[in-house]
Amino acid sequence: MTANPPMTTPDEPPLAATPEGAPGAWRADQLRRIISGVGAGRGRESGWHAGFGTLLALAVLVGVLVGVATDLLQAYLDSPWLSLVNSASPWLAPAFAVGIGARRYWHAAVAGLVTCVVELIAYDVTAHLRGIAVGSGITAFWALCGVIGGPTFGVAGKLWRSARGPVRGLGLAVLASAFLGEAAIAYGLYLGYYSSAALFTVIGIVLIAALGRRGRQHVRSCLWMLVTLPAAVVGELLLHLVYSQTF
């Protein structure tokens, strides 16, 4: 009986052998897999990537368009569609989209931050031009959300496109969990807007089904959602607590 060599996928480089039973060997192997998964694909990933300057220009453009559209559409949409321009997850999704075009993960993080900050500025300026006052408290609240969520979702977009190994599927799981968590907590539990909750649930499922086709991420994304969905629920609970105590 002969031993077969360890099997690897084309996306996952073979790992150096570690002595069986050595203390910390399993954790070291897992860490190497995660690091190699995040860094895999450099120099051989096909498709368009933006330079850092181009990516920032794209982030500003997307932020302006989304911010202006959000303010204008709030005056015309009814439930459940109004929730698409009055919620956190659709506001963070453009950062994910911009992050897809990044060459490096830190580029994606910065671009995600710029996207969300510009969205907020464009929204406030448009509201001011329409004669609608926007309180400084609510602006500060959304600015804080953007500082945290923008880089997170920018990196998630890059992960969806580029990650290999154990972290593959994590980026998509973050995006889908944001919609599902907001559906359950914000619209289902607290507000009782069940049509909006259903809409956001459908969006989350469609995102998994559609974006999961890249690299067959469906299973990996669902497994990662065992982590990201509870995190999204906790995040929504904290947002509600902060918002209810402040406004």
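Before reading on, note that the structure itself is shown above.
What comes next is a walk through the structure. (Residues numbered from 1 in each chain as written. Predicted model: local features only at pLDDT ≥ 70, side-chain atom pairs only at ≥ 80, totals over all residues. Heavy atoms only, no water.)

Thoughts on the pattern of salt bridges
- Taken as a whole and assessed by the stated rule, the structure comprises one salt bridge.
- Note that arginine 130 and aspartate 71 form a salt bridge whose closest N and O atoms lie 2.8 Å from each other. Within this pair, whereas arginine 130 is found in the loop between α4 (105-129) and α5 (136-162), its partner aspartate 71 is found in helix α2 (residues 52-73), the two being separated by 59 residues in sequence.
- Arginine 130 sits in the partly exposed class, given a relative accessible area of 37%. (Salt bridge = Lys/Arg side-chain N within 4 Å of Asp/Glu carboxyl O. Helix = DSSP H or I, 4+ residues; strand = E, 2+ residues; numbered from the N terminus. Buried < 20%, exposed > 50% of the residue type's maximum accessible area, 1.4 Å probe, protein only.)

Comments concerning a nonpolar patch on the surface
- Taken together, the side chains of Leu113, Val117, Ile121, Val125, Leu129, Leu144, Val147 and Ile148 make up a nonpolar region of the molecular surface, amounting to roughly 730 Å² of accessible area.
- The partly exposed category is assigned to valine 147, whose relative accessible area is 49%. (Patch = residues over 30% accessible without salt bridge, like charges linked within 9 Å, V, L, I, M, F, W, Y side chains within 5 Å. Areas by Shrake-Rupley, 256 points an atom, 1.4 Å probe, with all protein chains shown as cover.)

Details of the environment of glutamine 217
- Topologically, glutamine 217 is positioned in the loop between α7 (194-211) and α8 (218-246).
- Exposure remark for glutamine 217: the relative accessible area of 0% places this residue in the buried category.
- For the pair glutamine 217 and glycine 169, spaced 48 residues apart in sequence, the C-alpha to C-alpha distance is 5.3 Å.
- In this structure glutamine 217 touches Trp160, Arg168, Gly169, Leu172 and Gly212, once residues within four positions along its chain are discounted. (Contact = heavy atoms within 4.5 Å.)

Looking at helix α6 (residues 170-190)
- Here α6 is 21 residues long and its end C-alpha atoms lie 28 Å apart, about the 30 Å a rise of 1.5 Å per residue gives.
- At glutamate 182, α6 is bent by approximately 30°, the largest bend along its length.
- By the criterion of burial, α6 is predominantly enclosed, with 18 of the 21 residues buried.
- A positive phi of about 70° marks glycine 192, the residue just after α6. (Expected span 1.5 Å × (residues − 1). Bend = angle between axes of the 7 residues up to and from the residue.)

Observations regarding the side chain of arginine 161
- By the element assignment, arginine 161 lies in helix α5.
- Classification of arginine 161 as buried rests on a relative accessible area of 8%.
- A polar contact is formed between the side chain of arginine 161 and the backbone oxygen of isoleucine 100, at a distance of 3.1 Å. (Polar contact = N/O pair within 3.5 Å; in protein donor to acceptor, adjacent residues only side chain to side chain.)

Brief notes about α8
- For α8, built from 29 residues, the straight-helix expectation of 42 Å at 1.5 Å per residue is met to within 8% by its first-to-last C-alpha distance of 39 Å.
- Along α8, the helix axis deviates most sharply at methionine 225, where the bend reaches about 45°.
- Of the residues making up α8, those classed as buried are Ser221, Met225, Thr228, Ala232 and Glu236.
- Tucked inside the fold, the buried residues of α8 contact α6 and α7.

Quick look at unusual backbone geometry
- The peptide bond linking serine 79 to proline 80 adopts the cis configuration, its omega dihedral lying at 5°.
- With respect to the helices, strands and loops of the structure, proline 80 is situated in the loop between α2 and α3 (88-100).
- Although it is not a glycine, arginine 216 adopts a positive phi angle of roughly 55°.
- Mapped onto the elements of the fold, arginine 216 is located in the loop between α7 and α8.
- Residue classification places arginine 216 among the exposed residues on the basis of a relative accessible area of 73%.

Considering the packing of aromatic side chains
- Counted under the stated rule, the structure contains eight aromatic pairs.
- Between phenylalanine 179 and phenylalanine 200, the ring centres sit 5.5 Å apart and the planes meet at 50°, which makes this aromatic pair tilted. Here the residue phenylalanine 179 occupies a position in helix α6, and phenylalanine 200 occupies one in helix α7, the gap between them amounting to 21 residues.
- Pairwise contacts between aromatic rings join Trp91, Phe141, Trp142 and Tyr243 into one cluster.
- Positioned over the ring face of tyrosine 105 is lysine 158, at 5.7 Å from the centre of the ring.
- Cation over ring: arginine 214 sits above tryptophan 160, and NZ or CZ is 5.6 Å from the ring centre. (Phe/Tyr/Trp six-rings, centres within 6.5 Å; stacked < 30°, edge-to-face > 60°. Lys NZ or Arg CZ within 6 Å of the ring centre and 35° of its normal.)

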